[in-house]
Amino acid sequence: MQLMEAIERYESEVRSYVRSFPTVFEKAKGSYLYDINGTAYLDFFAGASVLNYGHNHPELKKALIDYLAGDNITHSLDMASRARAEFLITFHEKILEPRGLNHRVQFPGPTGSNAVESALKIARKSKGRENIIAFTNAFHGMTLGSLSVTGNAFKRAGAGLPLTHSDRMPFDGYLGEGFDTIDYLDRVLDDSGSGVDQPAAVITETIQAEGGVNIASTEWLRHLQQLCRKHDMLLIVDDIQAGCGRTGTFFSFEEAGLDPDLITISKSLSGYGLPLAVTLVKPQYDIWEPGEHNGTFRGHNPAFVTAKRAIELFWSDQAFSHEVTAKGRHVREALEKLARKYPEASAKVRGRGMLQAIEFAHKELAGTVAKKAFKHGLIIETAGPADAVLKLMPPLTIEQADVDKGLQIIDRCIIEAMHDLGIGAPRAAGQ
Ligand code: PMP
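Per-chain numbering applies: the sequence of each chain, read as written, is numbered from 1 onward. Given that the model is predicted, a residue must reach a pLDDT of at least 70 before its local features are reported, and side-chain atom pairs must reach 80 or more before they are shown or counted; all residues, however, enter totals for whole chains, interfaces and linings. Heavy atoms throughout the structure, all of them, feed into the side-chain values; hydrogens and water do not.

Colleague: Just to check I follow, could you spell out a nonpolar patch on the surface for this structure?
Modeller: Patches in this entry comprise residues that are over 30% relatively accessible and not in a salt bridge; like charges within 9 Å are linked, as are nonpolar side chains (Val, Leu, Ile, Met, Phe, Trp, Tyr) within 5 Å. A 1.4 Å probe and the Shrake-Rupley method give the accessible areas. Residues count as covered only by the protein chains that appear here. A pairing counts as a salt bridge when a side-chain nitrogen of Lys or Arg comes within 4 Å of a carboxyl oxygen of Asp or Glu. On the surface, a nonpolar cluster with roughly 410 Å² of combined accessible area is contributed by Tyr174, Leu175, Phe179 and Tyr184. Relative to the helices and strands, phenylalanine 179 is located in the loop between strand S6 (166-169) and helix H9 (181-190). The cut-offs for exposure are 20% and 50% of the maximum accessible area for each residue type, with area from a 1.4 Å probe on protein chains only; residues under the lower value are buried, those over the upper are exposed, and the others partly exposed. For phenylalanine 179, a relative accessible area of 38% gives the class partly exposed. In DSSP terms, a helix is any run of H or I states spanning at least four residues, a strand is any run of E spanning at least two, and both are numbered starting from the N terminus.

Colleague: What is the right way to read the domain arrangement of the chain from this model?
Modeller: Accessible area lost during the coming together of the parts is what is often quoted as the interface size. Reported domain spans reflect what an automatic or database domain assignment gives. Domain assignment breaks the chain into domain 1 (3-57 + 318-421) and domain 2 (72-314). One C-alpha centre belongs to domain 1, the other to domain 2; they are set 26 Å apart. It only takes one pair of heavy atoms within 4.5 Å for two residues to be counted as in contact. Contacts between the two partners involve 30 residues from domain 1 and, on the opposite side, 28 residues from domain 2. Accessible-area loss on putting two parts together, using a 1.4 Å probe and summing over both, is the definition of buried area adopted here. In total, about 2500 Å² of surface goes out of reach between domain 1 and domain 2, with carbon and sulfur atoms giving 52% of it. Its largest share of buried area at the contact with domain 2, domain 1 owes to Tyr53, Arg352 and Leu355, together 31% of the area lost on that side. Between glutamate 210 and lysine 391 there is a salt bridge, and its shortest N-O distance comes to 3.8 Å. Within 3.5 Å is the distance limit for a polar contact, defined as a pair of N or O atoms, with the added protein rule that one can donate a hydrogen and the other accept it, and that residues adjacent in sequence qualify only through two side-chain atoms. Summed over the shared surface of domain 1 and domain 2, the number is 17 residue pairs in polar contact (both at pLDDT 80 or more). Those elements that place two or more of their residues in the side of domain 1 that touches domain 2 are helix H3 (46-49), helix H12 (319-341), strand S13 (347-352), strand S14 (355-360) and strand S17 (389-392). In terms of residues, the side of domain 1 that touches domain 2 owes the most to one element, H12, which gives four residues. Residue classes follow a fixed rule: Ala, Val, Leu, Ile, Met, Phe, Trp, Tyr, Cys and Pro count as nonpolar, while Asp, Glu, Lys and Arg count as charged, and any other residue, Gly among them, counts as polar. For the side of domain 1 that touches domain 2, the class distribution of residues is 17 nonpolar, 10 polar and three charged.

Colleague: Would you mind going over the site of the ligand with me for this structure?
Modeller: In the vicinity of the ligand, the contacting residues are Thr111, Gly112, Ser113, Phe139, His140, Gly141, Glu205, Glu210, Asp238, Ile240, Gln241 and Lys267. Serine 113 has a polar side-chain atom sitting 2.6 Å from an oxygen atom of the ligand. Along the lines of polarity and charge, the residues of the shell around the ligand split into two nonpolar, six polar and four charged. Nearness of a residue to a molecule or strand requires only that one of the residue's heavy atoms be within 4 Å of it.

And the structure:
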């Protein structure tokens, strides 16, 4: 049986990315994936920001292979292990302490959703209240608690029961420019007639990467933090997709100078694509009883090893951070140039660091571009409720020449897609 046929025959209908990128991948290195026919695909998706340091980074691979070859422990539940302790030391010394954070590290389970679930539990248990404020177009995961604070109607419908105990508020920019949606939230919380129960916490992303690459301004984020303090609510920052350097700093909220009570991190934490998630908890909210939030896979030793090495390699000084910021600026300028080049597409460009996006007025354009890009050897995803946003998320370690190669493919695909959809006058590539 052909390999793809096996997947189509034996795997659940729920599979999704295989439908967008219909080939059988076999190998990967740096910013490229290779399928079983040896066709190379440039990766502008990076496993939804899991592969910020590229595929199979040689230094991380070496650390992993050495660890495995030495018969070091692979699974240990949450028993003490050398790998676990050394990860905690490195994470504390190189990530938390230099940023003035003294959060405790909880390993809630291997996925981002696990980290969100435990953050919600901690908030509710700490404050003794049920309600959580979440924002329009938020994405926090697929388990019932994390889904209840996620916006997407299609995903929510999959729950099969009412998703309750949270209220939705407008994210920054949702009601147009010049409308501070935090003022609205403040008004609602001040008003005993608003119908909104006193929340335990607010959960937010700084950039809604799944929800359409919607950016919260630093002012909005600071205002939100002030409001949380004023109304005695915990501030949860879900940094699962925008964290681990994606925006140019390790945490995406550093520029805004936030001090969140709870932080969720996952995706690129292990640096190698191994599942690892953490919920960072201010000590005063670390109110768990031992074992109260349990789970089999709460800290995978090989993932600790690669995570520690990734932090040492990339976060021991500022060099990588500056590199990401410079690369992000380059991508941003190139996208703005594209938007100017094709005024008929009415494109808007937005993003921070190496999470950049282009939204087209014509709803089908982004999806058509992404489909064509795959045919031209580029893996790129769409975002937003109508999938009208083309999201660029290459590995942070990508070479400049590959950035430009990917941007050229996008350019070519915009021309082809506009032609197919009958948008604007036909033109040739490079014009
Ligand atoms: N929060 C955010 C911001 C995410 O982007 C994601 C995953 N796309 C999650 C939570 C859920 O993570 P996981 O898929 O690992 O459960």
